[in-house]
Amino acid sequence: MAKTKYVCSSCGYESGKWYGRCPECSNWNTFEEVTVPDTPKKGRFGSVNPSQLLTPQKISSVKLISESRVSTGFEEFDRVLGTSGFSEKSSAGIVAGSIILLSGDPGIGKSTILLQLALGLSDAVHKKTVLYITGEESEHQIKMRATRIVGDEELGNSNLLILSTTDIDMAAEVMIATKPDLVIVDSVQTLATSQLPGFAGSVPQIRYVTTRVVSFAKTNNIPVFLVGHVTKEGIVAGPMLLSHMVDTVLYLEGDQLTGTRILRAYKNRFGDTSEVGIFVMEEKGLTQIQDVEGFFMNKQDEKVPGSCVAVVMEGSRPLLVELQALVVPSTLSFPRRVSTGLADRRLELLLAVIQKYAKVPVERMDVFVNIVGGLKISETAADLAAAVSIISSFYNKPLPHRAAIGEIGLLGELKIVPNLDKRIREAEKFGFQNVLSAKSGKFLYNVVQNMYGKKS
Ligand code: TYD
Ligand code: MG
(Lines give C-alpha, C1' and ligand atoms only; values in the text may rest on other atoms or scores of the structure.)
(Ligands and ions follow the chains in the order given, each with its own letter.)
Protein backbone atom coordinates (compact mmCIF):
# COMPACT_ATOMS: atom_id res chain seq x y z
CA MET A 1 0.00 0.00 0.00
CA ALA A 2 1.33 3.44 -0.91
CA LYS A 3 2.31 5.46 2.18
CA THR A 4 1.91 9.17 2.69
CA LYS A 5 4.28 11.66 4.26
CA TYR A 6 4.17 15.38 4.90
CA VAL A 7 6.63 17.85 3.42
CA CYS A 8 7.14 21.51 4.36
CA SER A 9 6.77 23.65 1.25
CA SER A 10 9.12 26.24 2.65
CA CYS A 11 12.18 24.29 3.73
CA GLY A 12 11.56 20.73 2.50
CA TYR A 13 11.42 19.18 6.03
CA GLU A 14 9.80 15.75 5.86
CA SER A 15 7.73 14.10 8.57
CA GLY A 16 5.36 11.16 9.06
CA LYS A 17 2.76 13.45 10.62
CA TRP A 18 1.24 16.79 9.82
CA TYR A 19 2.32 19.93 11.66
CA GLY A 20 0.57 23.29 11.73
CA ARG A 21 3.98 24.91 12.20
CA CYS A 22 7.15 23.51 10.71
CA PRO A 23 9.57 22.39 13.47
CA GLU A 24 12.49 23.19 11.14
CA CYS A 25 11.77 26.64 9.68
CA SER A 26 8.87 27.74 11.96
CA ASN A 27 6.58 28.69 9.06
CA TRP A 28 2.84 28.12 9.51
CA ASN A 29 0.58 26.01 7.28
CA THR A 30 3.35 24.86 4.99
CA PHE A 31 2.85 21.08 5.31
CA GLU A 32 1.60 19.23 2.25
CA GLU A 33 0.66 15.59 1.95
CA VAL A 34 2.79 13.59 -0.51
CA THR A 35 2.31 9.97 -1.57
CA VAL A 36 5.43 7.80 -1.39
CA PRO A 37 5.46 4.97 -3.95
CA ASP A 38 6.16 1.46 -2.60
CA THR A 39 9.75 0.31 -3.00
CA PRO A 40 10.15 -3.37 -3.80
CA LYS A 41 12.04 -5.42 -1.18
CA LYS A 42 15.59 -6.29 -2.25
CA GLY A 43 18.29 -8.71 -1.11
CA ARG A 44 21.90 -7.88 -0.24
CA PHE A 45 22.78 -6.74 -3.77
CA GLY A 46 19.56 -4.83 -4.36
CA SER A 47 19.38 -4.13 -8.07
CA VAL A 48 23.17 -4.53 -8.51
CA ASN A 49 24.39 -7.47 -10.55
CA PRO A 50 27.33 -8.89 -8.48
CA SER A 51 29.25 -9.79 -11.65
CA GLN A 52 29.17 -6.17 -12.81
CA LEU A 53 30.64 -4.44 -9.75
CA LEU A 54 32.35 -1.12 -10.51
CA THR A 55 36.05 -0.76 -9.67
CA PRO A 56 37.09 2.44 -7.87
CA GLN A 57 40.01 4.29 -9.51
CA LYS A 58 43.24 5.45 -7.91
CA ILE A 59 43.18 9.24 -7.81
CA SER A 60 46.50 9.36 -9.68
CA SER A 61 44.98 7.57 -12.65
CA VAL A 62 41.96 9.87 -12.89
CA LYS A 63 42.43 12.11 -15.94
CA LEU A 64 42.05 15.86 -15.63
CA ILE A 65 39.73 17.27 -18.22
CA SER A 66 39.45 21.04 -18.58
CA GLU A 67 35.74 21.86 -18.67
CA SER A 68 34.84 23.73 -21.78
CA ARG A 69 33.20 27.04 -21.02
CA VAL A 70 31.15 29.45 -23.07
CA SER A 71 31.44 33.15 -22.34
CA THR A 72 28.21 34.89 -21.35
CA GLY A 73 29.34 37.98 -23.24
CA PHE A 74 29.70 39.85 -19.93
CA GLU A 75 33.12 39.69 -18.29
CA GLU A 76 31.47 40.54 -14.99
CA PHE A 77 29.13 37.54 -15.33
CA ASP A 78 31.93 35.20 -16.47
CA ARG A 79 34.04 36.17 -13.48
CA VAL A 80 31.27 35.08 -11.10
CA LEU A 81 30.74 31.79 -12.96
CA GLY A 82 34.47 31.04 -12.71
CA THR A 83 37.49 30.16 -14.79
CA SER A 84 38.87 26.80 -15.88
CA GLY A 85 42.48 27.37 -15.13
CA PHE A 86 44.78 24.39 -15.43
CA SER A 87 45.61 24.78 -19.10
CA GLU A 88 47.33 27.81 -20.61
CA LYS A 89 44.17 28.64 -22.48
CA SER A 90 41.96 29.42 -19.53
CA SER A 91 38.36 30.24 -20.28
CA ALA A 92 35.66 31.76 -18.14
CA GLY A 93 31.89 31.42 -18.28
CA ILE A 94 29.22 28.72 -18.47
CA VAL A 95 30.37 25.11 -18.04
CA ALA A 96 28.82 22.63 -20.49
CA GLY A 97 26.06 20.58 -18.87
CA SER A 98 25.91 22.71 -15.72
CA ILE A 99 22.73 23.91 -14.01
CA ILE A 100 22.86 27.48 -12.78
CA LEU A 101 20.14 28.77 -10.49
CA LEU A 102 19.70 32.53 -10.74
CA SER A 103 17.77 33.84 -7.77
CA GLY A 104 16.80 37.30 -6.59
CA ASP A 105 13.91 39.57 -5.65
CA PRO A 106 11.08 39.94 -8.16
CA GLY A 107 11.78 42.83 -10.54
CA ILE A 108 15.51 42.91 -9.84
CA GLY A 109 16.41 42.01 -13.44
CA LYS A 110 16.81 38.22 -13.63
CA SER A 111 14.77 37.84 -16.81
CA THR A 112 16.43 40.93 -18.30
CA ILE A 113 20.00 39.77 -17.80
CA LEU A 114 19.26 36.26 -19.07
CA LEU A 115 17.50 37.63 -22.12
CA GLN A 116 20.50 39.88 -22.82
CA LEU A 117 22.81 36.90 -22.47
CA ALA A 118 20.56 34.81 -24.76
CA LEU A 119 20.41 37.57 -27.39
CA GLY A 120 24.19 37.95 -27.33
CA LEU A 121 24.93 34.24 -27.72
CA SER A 122 22.35 33.76 -30.47
CA ASP A 123 23.30 36.81 -32.57
CA ALA A 124 24.74 36.78 -36.08
CA VAL A 125 28.32 36.60 -34.72
CA HIS A 126 28.00 33.82 -32.11
CA LYS A 127 25.25 31.87 -33.88
CA LYS A 128 24.35 29.68 -30.91
CA THR A 129 20.85 28.32 -30.55
CA VAL A 130 19.33 29.40 -27.26
CA LEU A 131 15.96 28.11 -26.05
CA TYR A 132 14.20 30.47 -23.64
CA ILE A 133 11.32 28.75 -21.86
CA THR A 134 9.05 31.16 -20.05
CA GLY A 135 6.25 30.26 -17.68
CA GLU A 136 5.77 33.86 -16.60
CA GLU A 137 5.51 35.92 -19.74
CA SER A 138 4.08 35.49 -23.24
CA GLU A 139 6.23 35.30 -26.39
CA HIS A 140 4.95 38.78 -27.17
CA GLN A 141 6.20 40.22 -23.88
CA ILE A 142 9.64 38.69 -24.41
CA LYS A 143 9.76 40.08 -27.93
CA MET A 144 8.92 43.57 -26.65
CA ARG A 145 11.68 43.34 -24.08
CA ALA A 146 14.16 42.01 -26.65
CA THR A 147 13.30 44.86 -29.04
CA ARG A 148 13.91 47.30 -26.23
CA ILE A 149 17.31 45.77 -25.52
CA VAL A 150 18.82 45.30 -29.00
CA GLY A 151 16.34 46.85 -31.46
CA ASP A 152 14.17 45.20 -34.08
CA GLU A 153 16.82 44.86 -36.81
CA GLU A 154 19.19 42.77 -34.69
CA LEU A 155 16.44 40.27 -33.96
CA GLY A 156 16.20 39.38 -37.66
CA ASN A 157 19.42 37.31 -37.49
CA SER A 158 18.93 35.85 -34.03
CA ASN A 159 18.87 32.12 -33.28
CA LEU A 160 16.87 32.68 -30.11
CA LEU A 161 13.84 30.41 -29.68
CA ILE A 162 11.05 31.33 -27.27
CA LEU A 163 8.60 28.85 -25.79
CA SER A 164 5.86 30.04 -23.50
CA THR A 165 4.46 27.19 -21.39
CA THR A 166 3.84 26.22 -17.80
CA ASP A 167 3.98 22.48 -18.52
CA ILE A 168 7.42 21.11 -17.61
CA ASP A 169 6.84 17.83 -19.44
CA MET A 170 6.14 19.73 -22.64
CA ALA A 171 9.13 22.00 -21.99
CA ALA A 172 11.43 19.02 -21.41
CA GLU A 173 10.30 17.29 -24.62
CA VAL A 174 10.93 20.50 -26.57
CA MET A 175 14.41 20.78 -25.03
CA ILE A 176 15.20 17.22 -26.08
CA ALA A 177 13.81 17.72 -29.60
CA THR A 178 15.58 21.07 -30.09
CA LYS A 179 18.98 20.25 -28.50
CA PRO A 180 20.00 23.92 -28.30
CA ASP A 181 23.37 25.20 -27.07
CA LEU A 182 21.81 26.78 -23.98
CA VAL A 183 18.45 26.57 -22.22
CA ILE A 184 16.89 29.19 -19.95
CA VAL A 185 13.97 28.16 -17.73
CA ASP A 186 12.13 31.19 -16.29
CA SER A 187 11.06 30.30 -13.63
CA VAL A 188 11.22 27.09 -11.62
CA GLN A 189 8.18 28.21 -9.61
CA THR A 190 5.89 28.70 -12.60
CA LEU A 191 6.36 25.32 -14.30
CA ALA A 192 4.56 22.20 -13.14
CA THR A 193 3.63 18.66 -14.15
CA SER A 194 0.10 17.26 -14.28
CA GLN A 195 1.50 13.94 -13.05
CA LEU A 196 1.82 15.16 -9.48
CA PRO A 197 -0.71 16.81 -7.23
CA GLY A 198 -0.04 20.30 -5.88
CA PHE A 199 0.27 23.68 -7.50
CA ALA A 200 3.30 25.08 -9.31
CA GLY A 201 5.91 26.14 -6.78
CA SER A 202 5.07 23.43 -4.21
CA VAL A 203 7.89 21.19 -2.99
CA PRO A 204 7.06 18.08 -5.06
CA GLN A 205 6.59 20.24 -8.18
CA ILE A 206 9.85 22.13 -7.72
CA ARG A 207 11.64 18.87 -7.11
CA TYR A 208 10.12 17.38 -10.26
CA VAL A 209 10.87 20.42 -12.46
CA THR A 210 14.47 20.58 -11.24
CA THR A 211 15.01 16.83 -11.64
CA ARG A 212 13.83 16.98 -15.25
CA VAL A 213 16.03 19.95 -16.02
CA VAL A 214 19.07 18.40 -14.31
CA SER A 215 18.62 15.12 -16.13
CA PHE A 216 18.28 16.94 -19.46
CA ALA A 217 21.44 18.98 -18.83
CA LYS A 218 23.55 16.04 -17.68
CA THR A 219 22.38 13.62 -20.39
CA ASN A 220 22.89 16.08 -23.24
CA ASN A 221 25.79 18.08 -21.79
CA ILE A 222 23.82 21.28 -22.39
CA PRO A 223 23.92 24.08 -19.79
CA VAL A 224 20.68 25.34 -18.27
CA PHE A 225 19.89 28.55 -16.40
CA LEU A 226 17.04 28.15 -13.95
CA VAL A 227 15.40 31.27 -12.53
CA GLY A 228 14.13 31.10 -8.94
CA HIS A 229 12.34 33.80 -6.98
CA VAL A 230 13.29 34.80 -3.52
CA THR A 231 10.89 35.45 -0.67
CA LYS A 232 11.06 38.55 1.49
CA GLU A 233 13.03 36.60 4.07
CA GLY A 234 15.78 36.33 1.50
CA ILE A 235 15.85 32.57 0.98
CA VAL A 236 15.10 30.94 -2.32
CA ALA A 237 11.32 30.56 -2.29
CA GLY A 238 10.37 26.96 -1.94
CA PRO A 239 12.74 24.46 -0.56
CA MET A 240 16.42 24.66 0.14
CA LEU A 241 16.63 21.38 -1.73
CA LEU A 242 16.65 23.40 -4.94
CA SER A 243 20.11 24.72 -4.15
CA HIS A 244 21.37 21.21 -3.43
CA MET A 245 20.23 19.94 -6.80
CA VAL A 246 21.99 22.54 -8.96
CA ASP A 247 25.69 23.15 -9.62
CA THR A 248 25.74 26.88 -9.09
CA VAL A 249 23.53 29.27 -7.14
CA LEU A 250 23.76 32.90 -8.19
CA TYR A 251 22.01 35.77 -6.48
CA LEU A 252 21.24 39.06 -8.18
CA GLU A 253 20.77 41.77 -5.61
CA GLY A 254 20.61 45.50 -5.73
CA ASP A 255 19.44 48.85 -4.72
CA GLN A 256 16.25 49.89 -6.49
CA LEU A 257 17.10 53.56 -6.06
CA THR A 258 20.54 53.63 -7.64
CA GLY A 259 20.07 50.89 -10.21
CA THR A 260 23.22 49.09 -9.04
CA ARG A 261 22.98 45.32 -9.37
CA ILE A 262 25.44 42.93 -7.84
CA LEU A 263 25.74 39.33 -8.93
CA ARG A 264 27.17 36.90 -6.39
CA ALA A 265 27.71 33.15 -6.31
CA TYR A 266 26.53 31.41 -3.13
CA LYS A 267 27.50 27.97 -4.30
CA ASN A 268 29.67 27.08 -7.25
CA ARG A 269 30.88 23.61 -8.15
CA PHE A 270 32.95 25.17 -10.93
CA GLY A 271 34.45 28.27 -9.39
CA ASP A 272 35.14 30.57 -6.52
CA THR A 273 32.21 31.97 -4.55
CA SER A 274 33.90 35.17 -3.48
CA GLU A 275 33.79 36.99 -6.83
CA VAL A 276 31.10 39.54 -7.60
CA GLY A 277 29.91 41.07 -10.85
CA ILE A 278 28.74 44.68 -10.87
CA PHE A 279 26.04 45.98 -13.20
CA VAL A 280 23.75 48.94 -13.47
CA MET A 281 20.16 48.83 -14.75
CA GLU A 282 19.69 51.25 -17.61
CA GLU A 283 17.12 51.84 -20.31
CA LYS A 284 18.47 49.06 -22.50
CA GLY A 285 18.88 46.50 -19.77
CA LEU A 286 21.88 45.83 -17.55
CA THR A 287 25.30 47.29 -18.34
CA GLN A 288 28.40 45.86 -16.72
CA ILE A 289 30.56 48.23 -14.73
CA GLN A 290 34.19 47.42 -15.29
CA ASP A 291 35.58 50.72 -14.12
CA VAL A 292 34.32 49.78 -10.65
CA GLU A 293 36.88 51.85 -8.85
CA GLY A 294 35.31 55.15 -9.72
CA PHE A 295 31.76 53.86 -9.59
CA PHE A 296 31.28 53.89 -5.84
CA MET A 297 32.55 57.41 -5.40
CA ASN A 298 31.35 60.92 -5.93
CA LYS A 299 32.97 62.61 -8.88
CA GLN A 300 34.41 65.51 -6.91
CA ASP A 301 37.99 66.18 -6.00
CA GLU A 302 37.42 68.79 -3.35
CA LYS A 303 37.77 67.83 0.25
CA VAL A 304 34.45 68.05 2.07
CA PRO A 305 33.62 67.30 5.72
CA GLY A 306 32.06 63.89 6.36
CA SER A 307 33.53 62.03 3.41
CA CYS A 308 36.15 59.28 3.45
CA VAL A 309 37.09 56.50 1.03
CA ALA A 310 37.40 52.90 2.23
CA VAL A 311 38.93 50.02 0.30
CA VAL A 312 36.90 46.82 0.61
CA MET A 313 37.70 43.44 -0.93
CA GLU A 314 35.04 41.90 -3.11
CA GLY A 315 36.52 38.51 -3.95
CA SER A 316 40.05 39.12 -5.12
CA ARG A 317 39.28 42.69 -6.19
CA PRO A 318 39.89 45.72 -4.03
CA LEU A 319 37.06 48.24 -4.45
CA LEU A 320 37.21 51.89 -3.54
CA VAL A 321 33.98 53.05 -1.94
CA GLU A 322 33.11 56.42 -0.54
CA LEU A 323 31.47 56.66 2.87
CA GLN A 324 29.55 59.79 3.71
CA ALA A 325 28.48 60.83 7.19
CA LEU A 326 26.22 63.57 8.44
CA VAL A 327 26.24 64.43 12.14
CA VAL A 328 23.74 66.99 13.46
CA PRO A 329 22.42 67.85 16.95
CA SER A 330 19.36 65.79 17.76
CA THR A 331 16.06 67.03 19.09
CA LEU A 332 14.95 63.52 20.00
CA SER A 333 15.42 61.73 23.28
CA PHE A 334 16.80 58.77 21.32
CA PRO A 335 19.01 60.29 18.60
CA ARG A 336 18.67 58.78 15.15
CA ARG A 337 21.30 56.44 13.78
CA VAL A 338 20.54 55.76 10.16
CA SER A 339 22.84 53.76 7.96
CA THR A 340 22.59 52.73 4.33
CA GLY A 341 25.06 50.05 3.31
CA LEU A 342 26.72 49.64 6.71
CA ALA A 343 25.19 47.29 9.30
CA ASP A 344 23.23 49.21 11.97
CA ARG A 345 24.91 47.33 14.79
CA ARG A 346 28.34 48.15 13.44
CA LEU A 347 27.41 51.83 13.37
CA GLU A 348 26.17 51.70 16.99
CA LEU A 349 29.40 50.04 18.05
CA LEU A 350 31.58 52.55 16.22
CA LEU A 351 29.67 55.44 17.77
CA ALA A 352 30.20 53.98 21.24
CA VAL A 353 33.94 53.68 20.57
CA ILE A 354 34.08 57.22 19.14
CA GLN A 355 32.30 58.53 22.24
CA LYS A 356 34.42 56.71 24.80
CA TYR A 357 37.87 56.45 23.25
CA ALA A 358 38.13 59.20 20.66
CA LYS A 359 36.36 61.49 23.15
CA VAL A 360 34.11 62.98 20.50
CA PRO A 361 30.71 63.65 22.14
CA VAL A 362 28.33 62.10 19.61
CA GLU A 363 25.74 60.79 22.08
CA ARG A 364 23.32 63.71 21.57
CA MET A 365 23.76 63.72 17.81
CA ASP A 366 21.73 62.29 14.95
CA VAL A 367 24.13 60.29 12.77
CA PHE A 368 23.50 59.33 9.15
CA VAL A 369 25.94 57.17 7.20
CA ASN A 370 25.66 56.33 3.52
CA ILE A 371 27.75 54.22 1.16
CA VAL A 372 27.83 55.87 -2.26
CA GLY A 373 26.62 53.66 -5.12
CA GLY A 374 24.40 51.32 -3.11
CA LEU A 375 27.01 48.76 -2.07
CA LYS A 376 26.48 46.88 1.21
CA ILE A 377 29.65 46.53 3.23
CA SER A 378 30.06 43.58 5.54
CA GLU A 379 33.80 43.95 6.03
CA THR A 380 35.15 45.51 9.20
CA ALA A 381 37.95 47.06 7.09
CA ALA A 382 35.62 50.00 6.50
CA ASP A 383 35.37 50.78 10.27
CA LEU A 384 38.10 53.39 10.24
CA ALA A 385 36.71 55.22 7.20
CA ALA A 386 33.24 55.24 8.81
CA ALA A 387 34.59 56.49 12.14
CA VAL A 388 36.73 59.28 10.71
CA SER A 389 33.99 60.47 8.34
CA ILE A 390 31.64 60.73 11.35
CA ILE A 391 34.26 62.64 13.32
CA SER A 392 34.96 64.87 10.30
CA SER A 393 31.28 65.73 10.01
CA PHE A 394 31.05 66.37 13.75
CA TYR A 395 33.88 68.96 13.60
CA ASN A 396 32.72 70.14 10.17
CA LYS A 397 36.29 69.89 8.89
CA PRO A 398 37.43 67.91 5.86
CA LEU A 399 39.80 65.04 6.56
CA PRO A 400 43.47 65.50 5.74
CA HIS A 401 43.50 61.84 4.70
CA ARG A 402 40.93 61.07 2.05
CA ALA A 403 41.16 57.29 2.38
CA ALA A 404 41.23 55.05 5.46
CA ILE A 405 41.53 51.29 5.91
CA GLY A 406 41.26 49.49 9.23
CA GLU A 407 39.16 47.62 11.73
CA ILE A 408 38.38 49.23 15.08
CA GLY A 409 38.34 47.07 18.21
CA LEU A 410 36.19 47.56 21.29
CA LEU A 411 39.07 49.28 23.10
CA GLY A 412 39.42 51.84 20.35
CA GLU A 413 42.48 50.08 18.94
CA LEU A 414 43.17 49.96 15.20
CA LYS A 415 43.69 46.56 13.66
CA ILE A 416 45.55 45.60 10.52
CA VAL A 417 43.14 44.03 8.03
CA PRO A 418 43.94 41.26 5.50
CA ASN A 419 45.44 42.46 2.18
CA LEU A 420 46.30 45.85 3.67
CA ASP A 421 49.18 46.54 1.29
CA LYS A 422 47.14 45.52 -1.73
CA ARG A 423 44.37 47.87 -0.62
CA ILE A 424 46.77 50.74 0.01
CA ARG A 425 48.33 50.26 -3.45
CA GLU A 426 44.87 50.34 -5.00
CA ALA A 427 44.03 53.59 -3.21
CA GLU A 428 47.36 55.10 -4.29
CA LYS A 429 46.67 54.10 -7.89
CA PHE A 430 43.70 56.42 -7.76
CA GLY A 431 45.63 59.29 -6.28
CA PHE A 432 44.86 58.78 -2.58
CA GLN A 433 48.24 59.32 -0.96
CA ASN A 434 48.82 59.10 2.74
CA VAL A 435 46.16 56.46 3.44
CA LEU A 436 45.11 56.25 7.08
CA SER A 437 45.49 52.76 8.60
CA ALA A 438 46.68 50.88 11.69
CA LYS A 439 50.16 51.90 10.53
CA SER A 440 49.26 55.55 11.27
CA GLY A 441 48.60 55.03 14.97
CA LYS A 442 47.71 52.39 17.54
CA PHE A 443 44.42 53.83 18.68
CA LEU A 444 41.60 55.76 17.08
CA TYR A 445 42.24 58.57 19.49
CA ASN A 446 45.88 58.93 18.26
CA VAL A 447 44.81 59.40 14.69
CA VAL A 448 42.05 61.83 15.63
CA GLN A 449 44.51 63.85 17.68
CA ASN A 450 46.97 63.94 14.81
CA MET A 451 44.27 65.06 12.42
CA TYR A 452 42.52 67.71 14.45
CA GLY A 453 44.92 68.28 17.30
CA LYS A 454 42.19 67.79 19.93
CA LYS A 455 43.44 67.22 23.42
CA SER A 456 41.87 64.38 25.34
P1 TYD B 1 12.93 41.72 -14.74
O2 TYD B 1 14.09 41.24 -15.54
O3 TYD B 1 11.58 41.47 -15.27
O4 TYD B 1 13.01 41.18 -13.26
P5 TYD B 1 12.84 39.70 -12.68
O6 TYD B 1 12.87 38.76 -13.82
O7 TYD B 1 14.02 39.58 -11.75
O8 TYD B 1 11.56 39.69 -11.93
O9 TYD B 1 13.20 43.28 -14.50
C10 TYD B 1 12.18 44.14 -14.51
C11 TYD B 1 12.62 45.52 -14.15
O12 TYD B 1 13.72 45.98 -14.92
C13 TYD B 1 11.48 46.41 -14.41
O14 TYD B 1 11.19 47.11 -13.23
C15 TYD B 1 11.93 47.33 -15.51
C16 TYD B 1 13.41 47.24 -15.47
N17 TYD B 1 14.04 47.35 -16.81
C18 TYD B 1 14.81 48.45 -17.09
O19 TYD B 1 14.98 49.35 -16.29
N20 TYD B 1 15.41 48.52 -18.33
C21 TYD B 1 15.27 47.55 -19.27
O22 TYD B 1 15.82 47.67 -20.38
C23 TYD B 1 14.46 46.42 -18.96
C24 TYD B 1 14.25 45.33 -19.96
C25 TYD B 1 13.88 46.36 -17.71
MG1 MG C 1 11.27 37.60 -14.56
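What counts and what doesn't
- Residues numbered from 1 in each chain as written.
- Chains lettered and ligands numbered in written order.
- Predicted model: local features only at pLDDT ≥ 70, side-chain atom pairs only at ≥ 80, totals over all residues.
- Heavy atoms only, no water.
- Helix = DSSP H or I, 4+ residues; strand = E, 2+ residues; numbered from the N terminus.
- Pairing = 2+ DSSP bridges.
- Axes fitted to C-alpha atoms, helices over the stretch in contact; angles between N-to-C directions.
- Contact = heavy atoms within 4.5 Å.
- Parallel < 35°, antiparallel > 145°, perpendicular 65-115°, else oblique.
- Left-handed = near helix turned anticlockwise from the far one by under 90°.
- Nonpolar A, V, L, I, M, F, W, Y, C, P; charged D, E, K, R; others polar.

Draft legend 1. Local environment of unusual backbone geometry. Between Asp-186 and Ser-187 the backbone carries a cis peptide bond, its omega angle lying at 5°. Position of Ser-187 relative to the elements: it lies in the loop between β11 (182–186) and α6 (203–220). Not every positive phi belongs to a glycine, and Asn-29 is a case in point at roughly 50°. Structurally, the position occupied by Asn-29 is in the loop between β2 (14–15) and β3 (31–36). Phi at Asn-434 takes a positive value of approximately 60°, unusual for a residue other than glycine.

Draft legend 2. Examining the sheet that holds β11 more closely. Ordered in space as β10-β9-β11-β12-β8-β13-β14-β15-β16, the nine strands form an open sheet in which the pairing is mixed. Unpaired on one side and paired on the other, β10 (160–164) and β16 (285–288) mark the two borders of the sheet. Geometrically, the sheet is characterised by an average inter-axis angle of 25° between neighbouring strands, direction not taken into account. Taken together, the seven bridges between strand β13 (residues 248–254) and strand β14 (residues 260–268) define a ladder with antiparallel strand orientation. Bridge pairing in β14 links Leu-252 to Leu-263. Sheet contacts for helix α3 (residues 139–150): β9 (130–134) and β10; angle to β10, the most-contacted strand, approximately 145°. Contacting β8 (99–104), β11 and β12 (224–229), α6 crosses the sheet at an angle of about 160° to β12.

Draft legend 3. Quick peek at the packing of helix α10 (residues 383–395) against helix α12 (residues 444–452). Viewed as axis vectors pointing N to C, α10 and α12 meet at an angle of 40°, and their least axial separation amounts to 12 Å. Here α10 is positioned oblique relative to α12, judged by the angle of their axes. In this structure, α10 crosses over α12, and the sense of that crossing is right-handed. Facing α10, whose interface residues are Leu-384, Ala-387, Val-388, Ile-391, Ser-392 and Tyr-395, α12 presents Leu-444, Val-448, Met-451 and Tyr-452. Its residues placed into classes, the contact of α10 with α12 shows nine nonpolar, one polar and no charged.

Draft legend 4. Molecular detail of the packing of helix α2 (residues 110–121) against α3. Two elements in contact, α2 and α3, have axes separated by 10 Å at closest approach and are oriented at 70°. In terms of orientation, α2 lies roughly perpendicular with respect to α3. For α2 against α3, the interelement crossing comes out right-handed. Between α2 and α3, the residues in contact are Ser-111, Thr-112, Leu-115, Gln-116 and Leu-119 and Ile-142, Arg-145, Ala-146, Ile-149 and Val-150, respectively. For the contact of α2 with α3, the per-class residue count stands at six nonpolar, three polar and one charged.

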